[in-house]
Amino acid sequence: MKNLIDILDLSTEEIDQLIQTANDIIENPEKYSEKCRGKKLATLFFEPSTRTRLSFEAAMYELGGNVLGFSEAQSSSAAKGESVADTAKTISCYADIIAMRHPKEGAPLVASQKATVPVINAGDGGHNHPTQTLTDLLTIQREMHRLGNFTIGFCGDLKFGRTVHSLIAALSRYENIKVVLISPEELKLPSYVKKDILLKKGIEYRQTTDLESVMPQLDVLYMTRVQRERFFSEEEYLRLKDSYILTPEKLKNAKKELAIMHPLPRVNEISVAIDDDPRACYFKQVLNGKYIRMALILKLLEVE
Ligand code: NCD
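Predicted, not measured: the structure shown is a model, and the values here were computed from it.

**Quick look at the site of the ligand**
- With respect to spatial proximity, the complete set of residues near the ligand consists of Thr52, Arg101, His129, Gln132, Arg162, Thr163, Arg225, Gln227, Pro263, Leu264 and Pro265.
- For the ligand, the accessible surface in isolation is 320 Å², of which the surrounding protein chains cover 95%.
- Tallied by class, the residues present in the shell around the ligand amount to 3 nonpolar, 5 polar and 3 charged.

Structure follows, in structure tokens:
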């Protein structure tokens, strides 16, 4: 496998291997500190990012490699009208591997067809975000010691939340996963994800608008931000943005071993009063994201 565009580009065995490598990096970071000496990662971010871009960069530095790139479309030739395909061909002359985030669904796929080096999708519009999914899987494995046999609730913007789409796709391959979809009517999971993943794979799922009523069933609660930048109307965003705010009060009936996850950035949807709850995993997710991206870079660059 040369590129990572969709999480299902990876087999379950490959995902297991990446998780194993990430766990080994966590245990023995010094073993990996020179693995990418002389290699360059380009981060091409046509959309804002804190964690994804900087974790890719930190990952490459911790492997002994170097990083180049841009963090907004305005500072690249896209502002002059250059196509993604031409940008990808150009960057292939400078870097050994590319991580690309773009507001248009499918842009990283187009880049991967033209680039001569591996391309990683670092988020394409409201579509997919496979490296966040690897981060989430590593977190679930480390926190719960299993990647099957649990009930996960996805709460918030399930329509535009690309991290949700990719994680549901990945989880559909594990045993006995039950999914609870918690969102306002307007932000329900797109029907293509339901049809192509949940129904096709026979995953047990239910939909609700009420978080508290399903709380006691959940082993994982995956909160998400309402994706302001994908709305057509600011009015609609303002109406829906605070649909769910997780507070200690709402966790009263939750399991003691619940894992509370969030890809971040958080706006209002998790009260800061929860940050010190031992069930809060979202800042652990941030750190895991760096390690799994180190593992992914090693794999795509075919470093032993
Ligand atoms: C997510 C994204 O970009 O889709 N952030 C991230 O990469 N950790 C979630 C979000 O922006 O809400």
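**Notes on the side chain of Asp124**
- Relative to the helices and strands, Asp124 is located in strand S4 (residues 119–124).
- Despite its burial, Asp124 pairs with no opposite charge, the nearest such side chain being Arg162 at 6.0 Å.
- In terms of polar contacts, Asp124 uses its side chain to reach the backbone amide nitrogen of Gly106, at 2.8 Å.
- Excluding anything up to four places from it in sequence, Asp124 contacts His102, Lys104, Glu105, Gly106, Pro108 and Arg162.

**Quick notes on the domain arrangement of the protein chain**
- The domain architecture assigned to the protein chain consists of domain 1 (7–128 + 288–300) and domain 2 (131–285).
- Using only C-alpha atoms to locate each centre, domain 1 and domain 2 end up separated by 25 Å.
- On the domain 2 side, the residues contacting the 32 residues of domain 1 number 28 residues.
- Buried surface at the junction of domain 1 and domain 2, both sides included, amounts to about 2400 Å², of which 55% is carbon and sulfur.
- Between domain 1 and domain 2 we count 2 salt bridges in total.
- As a salt-bridge pair, Arg230 and Glu47 come within 2.9 Å of each other at their nearest N and O atoms.
- Contributions of two or more residues to the side of domain 1 that touches domain 2 are made by helix H1 (12–27), helix H2 (51–62), strand S3 (97–102), S4 and helix H10 (282–300).
- No other element matches H1, which puts 8 residues into the side of domain 1 that touches domain 2.
- By residue class, the composition of the side of domain 1 that touches domain 2 is 13 nonpolar, 13 polar and 6 charged.

**Description of the nonpolar core**
- One finds Leu134, Leu137, Ile152, Phe154, Ile168 and Leu171 to be the most contacted residues of the largest nonpolar core, which totals 60 residues.
- The greatest single-element share of this core, amounting to 8 residues, is contributed by H10.
- Formed jointly, this core draws a minimum of three residues from each of two domains, domain 1 (7–128 + 288–300) and domain 2 (131–285).
- Once residues lying within four places of it in the same chain are set aside, the contact partners of Phe154 are Val164, Leu167, Ile168, Leu171, Val179, Val180, Leu181, Ile182 and Tyr222.
- Core analysis: the second largest hydrophobic core is formed by 20 residues, Cys155, Leu246, Leu258 and Tyr282 among them.

**Some words on the side chain of His262**
- Checked against the element boundaries, His262 lands in the loop between strand S9 (259–261) and H10.
- Using a relative accessible area of 1% as the deciding quantity, one classes His262 as buried.
- Only 2.8 Å separates the side chain of His262 from the side chain of Glu269, close enough to count as a polar contact.
- Every residue in contact with His262, bar those within four places of it in the chain, is listed here: Met223, Thr224, Arg225, Glu269, Ile270, Tyr282 and Gln285.

**Let's talk about the packing of helix H5 (residues 130–144) against helix H6 (residues 162–171)**
- At a closest axis distance of 8 Å, the pairing of H5 and H6 adopts a crossing angle of 60°. If you check the angle between H5 and H6, you find them oblique. Seen from above, H5 lies across H6 with right-handed handedness. Contact residues: Pro130, Gln132, Thr133, Asp136 and Leu137 in H5; Thr163, Ser166, Leu167, Ala170 and Leu171 in H6.
- Of the residues in the contact of H5 with H6, the class split is 5 nonpolar, 4 polar and 1 charged.

What counts, and at which threshold
- Residues numbered from 1 in each chain as written.
- Predicted model: local features only at pLDDT ≥ 70, side-chain atom pairs only at ≥ 80, totals over all residues.
- Heavy atoms only, no water.
- Near = heavy atom within 4 Å.
- Areas by Shrake-Rupley, 256 points an atom, 1.4 Å probe, with all protein chains shown as cover.
- Nonpolar A, V, L, I, M, F, W, Y, C, P; charged D, E, K, R; others polar.
- Helix = DSSP H or I, 4+ residues; strand = E, 2+ residues; numbered from the N terminus.
- Buried < 20%, exposed > 50% of the residue type's maximum accessible area, 1.4 Å probe, protein only.
- Lys, Arg positive; Asp, Glu negative; His and termini not counted.
- Salt bridge = Lys/Arg side-chain N within 4 Å of Asp/Glu carboxyl O.
- Polar contact = N/O pair within 3.5 Å; in protein donor to acceptor, adjacent residues only side chain to side chain.
- Contact = heavy atoms within 4.5 Å.
- Domains from an automatic or database assignment.
- Buried area = accessible area lost by both parts, 1.4 Å probe.
- Core = buried A, V, L, I, M, F, W, Y, C linked by side-chain atoms within 4.5 Å.
- Axes fitted to C-alpha atoms, helices over the stretch in contact; angles between N-to-C directions.
- Parallel < 35°, antiparallel > 145°, perpendicular 65-115°, else oblique.
- Left-handed = near helix turned anticlockwise from the far one by under 90°.

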